[in-house]
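# A closer look at the structure
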Amino acid sequence: MLRREGLSKLTGQERYVDDLPLEDFLWGATVRSPAPRGRISNIVFGDGVDWSEFVIVDHTDIPGRNAVYLMEYDQPALAPGYVRHVHEPVLLLAHPSREVARRALREVQVIVDVDPPALDFRSLPSPDLIQYGEDNVLKRLSIQKGDVERALAESPIVVEGVYETGAQEHVYLETQGMLAYLDDDVLVIKGSMQCPYYVVKALKPALNRSEEEIRVIQTPTGGGFGGKEEFPSMVALHAGLLALKSRVPVKLIYDRTEDMVATTKRHPSQIRHRTGVDENGHLIAQEIEVVMDGGAYVTLTPVVLSRAIIHAAGLYHCDNVRILGRAMFTNSVPYGAFRGFGNPQAHFAVERHMDVIADRLRMDPVELRRINMIRDGQTTATGQVIGDGVDRLQIVDRALALSNYERRRREHWLRNSEHRYLRRGIGMSAFYHGAGFTGSGEVMLDSRLHVEGHPDGKVQVLCASTEMGQGQITIFIQLAADRLGYDPAEISIAEPDTHRVPDSGPTVGSRTAMVVGRLVERACDDLCRQAGAARGAPVKDAIIAWHSAHPGERLLGKARYEPPPGIEWDEENYLGDAYGAFGWAAHVAEVEVDLRTYGVRVLDFVSVQDVGTVLNETLARGQVQGGVAQGISWALLEECVWKDGAMQNGQLTNYIIPTSGDLPPIRVEFVEFPYEHGAQGAKGVGELPLVGAAPAVLNAVAAATGRQPTEIPLTPERLMALLGNGDR
Amino acid sequence: MSDGRSDPLRISFTLNGEPTTVEVSPSERLLDLLRYRLGLTGTKEGCAEGECGACTVYLDGLPVDSCLVPAYQVRGRLVETIESLDPKGMAHYHARGTTQCGACTPGVVMTAEWIVRHPDRLETHTVRELMAGNLCRCTGYDGIIEGVEGALGDREAG
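About the criteria used
- Residues numbered from 1 in each chain as written.
- Chains lettered and ligands numbered in written order.
- Predicted model: local features only at pLDDT ≥ 70, side-chain atom pairs only at ≥ 80, totals over all residues.
- Heavy atoms only, no water.
- 1 Å grid on protein atoms, 1.4 Å probe; cavity = no way out; pocket = protein on both sides within 12 Å on 5 of 7 lines; lining within 4 Å.
- Points joined across faces, edges and corners; volume = space filled by probe spheres on them.
- Nonpolar A, V, L, I, M, F, W, Y, C, P; charged D, E, K, R; others polar.
- Helix = DSSP H or I, 4+ residues; strand = E, 2+ residues; numbered from the N terminus.
- Contact = heavy atoms within 4.5 Å.
- Buried area = accessible area lost by both parts, 1.4 Å probe.
- Salt bridge = Lys/Arg side-chain N within 4 Å of Asp/Glu carboxyl O.
- Domains from an automatic or database assignment.
- Polar contact = N/O pair within 3.5 Å; in protein donor to acceptor, adjacent residues only side chain to side chain.
- Buried < 20%, exposed > 50% of the residue type's maximum accessible area, 1.4 Å probe, protein only.

### So, empty space enclosed by the protein
By the definition in use, this model includes 7 cavities of 30 Å³ or more. Forming the walls of the largest cavity are 22 residues, and the residues nearest its centre are Asp18(A), Glu174(A), Thr175(A), Ile253(A) and Glu45(B). Of the residues belonging to the lining of the largest cavity, the class tally is 8 nonpolar, 4 polar and 10 charged. As a volume, the second largest cavity reaches approximately 170 Å³. As for the second largest cavity, its lining consists of 17 residues, of which Val68(A), Leu70(A), Gln75(A), Glu230(A) and Thr299(A) are closest to the centre. The element contributing the most residues to the lining of the second largest cavity is helix α5 (residues 231–246) of chain A, with 3 residues. Partitioning the lining of the second largest cavity into residue classes produces 9 nonpolar, 5 polar and 3 charged.

### Thoughts on the interface of chain B and chain A
If you look at the interface, chain B gives 45 residues, while chain A gives 54 residues. Across the chain B to chain A interface the summed buried area is about 3,900 Å²; carbon plus sulfur atoms make up 54%. On the chain B side of the interface with chain A, the three residues burying the most area are His94(B), Gln100(B) and Arg137(B), jointly 22% of the side's total. The interface formed by chain B and chain A includes 6 salt bridges. Residue Asp19(A) pairs with Arg35(B) through a salt bridge whose shortest N-O separation is 2.8 Å. Put simply, the parts of the chain that give the side of chain B that touches chain A at least two residues each are α1 (30–37), α2 (91–96), α3 (105–117) and α5 (142–157) of chain B. Grouping the constituent residues of the side of chain B that touches chain A by class yields 19 nonpolar, 13 polar and 13 charged.

### So, the domain arrangement of chain B
Residues and elements named next belong to chain B. What the domain assignment lists for chain B is domain 1 (9–83) and domain 2 (85–157). In total, about 1,200 Å² of surface goes out of reach between domain 1 and domain 2, with carbon and sulfur atoms giving 60% of it. At the surface where domain 1 touches domain 2, the tally comes to 0 salt bridges. Across the domain 1-domain 2 interface, the total number found is 6 residue pairs in polar contact (both at pLDDT 80 or more). Those elements that place two or more of their residues in the side of domain 1 that touches domain 2 are β3 (56–59) and β4 (62–65). The leading source of residues in the side of domain 1 that touches domain 2 is β3, at 3 residues. Taken together, the residues that form the side of domain 1 that touches domain 2 break down as 7 nonpolar, 5 polar and 4 charged.

### With respect to the environment of Asp497(A)
All names here are of chain A. Topologically, aspartate 497 is positioned in the loop between β19 (491–493) and α14 (512–531). Residues aspartate 497 and serine 440, 57 residues apart in the sequence, show an inter-C-alpha distance of 27 Å. Residue contacts for aspartate 497: discarding those within four places in its chain leaves Arg215, Val216 and Ile217.

### Things to note about unusual backbone geometry
Residue and element names in this part refer to chain A. Across the junction of isoleucine 712 and proline 713, the peptide omega takes the value 5°, indicating a cis bond. Residue position: proline 713 is located in the loop between β28 (711–712) and α19 (716–723). The backbone of phenylalanine 225 sits at a positive phi, close to 60°, despite the residue not being glycine. Tracing the backbone shows phenylalanine 225 in the loop between β11 (214–218) and α5. Judged by its relative accessible area of 12%, phenylalanine 225 is buried. Notably, aspartate 644 is not glycine yet its phi reads approximately 50°, a positive angle. You can see aspartate 644 is positioned in the loop between β25 (642–643) and β26 (646–647).

Set out below in structure tokens:
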């Protein structure tokens, strides 16, 4: 099936929040902190604009609790006199003219008595920098398996490595934006978001309003990648505060620079590995320490750290594993959800480290992976027994075959010895990603979904899942059509509107097709039952007949999440079944390094993925290619430049994401191992492809240069430092 | 008292084939004129500095970033936006996964269709090179390039 809203997007007819026709409204603007930490001593209003024309909101205008609530109440909606990061919101302004509103931002001076900021997450803070708990640690987590001390002591070879990753900005092409207005007593919020019910959850305590008094509607969303998971709650709250005070509609649309410097990013990380191996390369012990920069507020950091440590040992079997994780408070813009959610950092480290181990043992990195790769019946670091029947070696072999791995290696060896300044290399990564929420997370979400049969026989799916480009609308129509034996043209997806659709959980974590898609199927079954459709008979006729017998009533098929049997997770000790299903994959990257410019060019990229049943080949392939592109770019190009806690390069001219000319064709193949509890056998697809891209690229650079890069982004400057001058 | 620098200017130009007369301020961008005053919201703002191409329109037949064009400069000229394109020409883009989130898409399609109308450019450049002025964060570009190649194939065949 073709993308349902595809033509609307291709012809420019799709209406995003900033495209909605609107009259007599105000443009909102956000006054932000210039300093990373300190007390606000004064706010000076300049005379370049007429302030009587403005609506101005500060923290005293917040009717309820001054917080953007998701996991904790620690993050203020507007700074109440003290700031903890640069660009922290302080005041909100609204004016009928966007230009005047923007000009006003330059007329407000927030004066901060600066306290020393904590800006380095890698080291433990000195006493004057402590601002969270006793040691600025936002969250500590650990996993223990076997006896790591003893096993390391007995290992004939111990290989150590420290791996670092930088912040990454989402750069969804549509910036954050919200519209807020009052409809009688109901505050209506419309905008770009992944999770309408997260917005409701945040607005309730801050605005002292019930769910009935807050109506959140997702507008078509121009990309999310996690950046529109939790952050839109902040934008919605700000727009809502302005609308409540001004009593007119307020539109709050970030421009690109504001979006880049002031919103969440991928957590920077530093990950240490100490690995015990025998002479043949068998893993004896893995000791891993994961440290992440959480930024100035908790947001989703504990869950990101959790996913990172669960995946940190890679897809290998090892009897002795200890993983310690900590996320640090710093006076940085809070880090948040980003596609992969901690797992890309974990896999960058472990998959880079596998190549470092192979180099040390003078062993083929593929062979090292092959002999250690987890097999059915073996356990992960949390003790989860893998038994999904997936042939992980087949995935690796397919990726090697498609990329001509062996032949390329020989060709590179010859070519590199002859060429004056170009060095080619090929590298691989093998990796996995747990789909859906961790542990008992899906049970807590308690997702619900309805499928409604209308009197004309048409069917509509009512859910809070959102389309942000990944294809949710199309997939859900497809699933419902297949389940009901319908023509997809007679099925639609309701606008995600919290006054109309049930809470199907957030659109995150590679859970939508697998988990919520399964609810679509079960709600369709319930619809058939309720309509009294006999097996094999057309459901449409039954729906029409039901309505004749029940005029004026609604026919709703309902489904509520039920956990698959046999999943047991011990949240206290981080033991057991962390995920119901894992997606498995392998990447191969071929690169060319230019020793004159230290530029790295990716020449070829092959991705082989097991995402369970592929529901829609074009959409799934697009997810993989887009995820790989983001991963390559994280590895080589995307660098946030910081000064005193402020991002210095908040523009697309100096924060570089790839153009079509910077990327090779990304060749994708699926190997399908259906998951019995996912919709039609599907597992998650959204995050997996990004997870292993960076290590594959850097492993190729290592093969090309004979050096072991450990830090991304591997910019020309970093590569120059690594290669030194003697390598020409 | 006006210093004359911000006085509105009255300009006429051809927009999607229709003669159009509007008053614009000297600092107004073509992008804002189209989106906020003429209701043509298909043209998107992505970066506001000519880097991403989401706001691509044709000015006298050439693709330009409308965020960088002062509105008064289109006086007497031909402006075409995504709304001027025939939806029937979108089949290849639709089938190959050219669009995902859709925010870059109108700009991508404007550049793509320009390549399709000027296949002679392919004598010196590849589709991948010609599309490099439009940033997309979703597709990794393969869906875009294959869409353009599909549309070019139609043109050759037809």
